[in-house]
Amino acid sequence: MTAADTAHLAVQGLAKRFGAVTALDGLTLDIGAGEFVCLVGPSGCGKTTALRLIAGLETPSGGRVRSDGADITALAPALRGMGMVFQSYALFPNMSAAQNIAFALGRGGGARARVAELLELVDLSRFAAKRPNELSGG
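Let me begin by describing the structure that accompanies this report.

## Some points on the sheet that holds strand β2 (residues 21-31)
Read across the open sheet, the 4 strands follow the order β2-β1-β3-β4; overall the sheet is antiparallel. One side of each edge strand has no neighbouring strand; the edge strands of this open sheet are β2 and β4 (70-71). Across 5 bridges, strand β1 (residues 9-18) lies against strand β3 (residues 62-67) in antiparallel orientation. Note that in β3 the partner of A10 across the bridge is R66. Where helix α2 (residues 47-55) meets the sheet, its contacts fall on β1, β2 and β3, and the angle it forms with β1 comes to roughly 115°.

## Focus: the pattern of salt bridges
If you walk through the whole model with that rule in mind, you get 5 salt bridges. Note that D123 and R126 form a salt bridge whose closest N and O atoms lie 3.7 Å from each other. Judged by relative accessible area, D123 falls into the partly exposed class, the value being 39%. Residues joined by salt bridges that share partners form a network here, namely K16, R52 and E58.

## A closer look at the nonpolar core
L9, V11, L14, L24, L29, I31, A50, L53, I54, V65 and I72 together form the largest nonpolar core, which totals 11 residues. Those elements giving two or more residues to this core turn out to be β1, β2 and α2. In contact with L53, not counting residues within four places along its chain, are L14, A15, K16, L24, E58, T59, P60, V65 and R80.

## Considerations on the packing of aromatic side chains
Applying the stated criterion across every chain, the model contains 1 aromatic pair. When the ring of F92 is compared with that of F103, the centres are 4.8 Å apart and the planes differ by 75°; the resulting orientation is edge-to-face. Here F92, found in the loop between β4 and α3 (97-104), pairs with F103, found in helix α3; they are 11 residues apart in sequence, far enough to count as distant. Looking at F103, the relative accessible area reads 43%, which means it is partly exposed. A cation over a ring is seen here: K16 above F18, with NZ or CZ 5.0 Å from the ring centre.

## Concerning the pairing of β1
Every other side chain in a regular strand lies on the same face of the sheet, so the side chains alternate between the two faces. As paired elements, β1 and β2 share 7 bridges and run antiparallel to each other. Directly across from L14, in β2, lies its bridge partner L27. The loop that links β1 with its antiparallel partner β2 comprises 2 residues; one of these, G19, has a positive phi angle of about 65°.

## With respect to the side chain of N100
Relative to the assigned elements, N100 resides in helix α3. Filtering out sequence-adjacent residues up to four positions away, N100 remains in contact with L91, F92, M95 and P132.

## Quick look at the packing of α3 against helix α4 (residues 112-121)
One can describe the packing of α3 onto α4 by two numbers: an axis separation of 10 Å at closest approach and a directional angle of 115°. In terms of orientation, α3 and α4 fall into the roughly perpendicular class. The interaxial crossing formed by α3 with α4 has right-handed handedness. For the pair α3 and α4, the contacting residues are A98, I101 and A102 in the first and V115, L118 and L119 in the second. Considered class by class, the residues forming the contact of α3 with α4 number 6 nonpolar, no polar and no charged.

Calculation criteria
Residues numbered from 1 in each chain as written. Predicted model: local features only at pLDDT ≥ 70, side-chain atom pairs only at ≥ 80, totals over all residues. Heavy atoms only, no water. Pairing = 2+ DSSP bridges. Helix = DSSP H or I, 4+ residues; strand = E, 2+ residues; numbered from the N terminus. Contact = heavy atoms within 4.5 Å. Axes fitted to C-alpha atoms, helices over the stretch in contact; angles between N-to-C directions. Salt bridge = Lys/Arg side-chain N within 4 Å of Asp/Glu carboxyl O. Buried < 20%, exposed > 50% of the residue type's maximum accessible area, 1.4 Å probe, protein only. Core = buried A, V, L, I, M, F, W, Y, C linked by side-chain atoms within 4.5 Å. Phe/Tyr/Trp six-rings, centres within 6.5 Å; stacked < 30°, edge-to-face > 60°. Lys NZ or Arg CZ within 6 Å of the ring centre and 35° of its normal. Parallel < 35°, antiparallel > 145°, perpendicular 65-115°, else oblique. Left-handed = near helix turned anticlockwise from the far one by under 90°. Nonpolar A, V, L, I, M, F, W, Y, C, P; charged D, E, K, R; others polar.

See below:
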């Protein structure tokens, strides 16, 4: 049995390419249950890309993500039991969750289908009409 088999979270050879740009190349981590881990590095080194891949918000170009030994690489974000929260999130308090997503997509009030798809992806469809102050931060 290897460390990757017993780790709560095992990232094996994780890679992400956006066209000709390699954002992450061969990241391997074994994080045990209860461990506290920080990713530290300069801007553009792949920290956010790694977290997005682990959370399932991006599809890897290579490698695997395992949780408690199970391969979750292809599992939907809402089924992974993990997420990603930025230090300083920027939500418009006068807009609903759906409106904030639409704005972030650069589509103001349009693209309902894409917004619905993204809300479904992270299992938040039932909160589409809620404003940020009506959502739990926990």
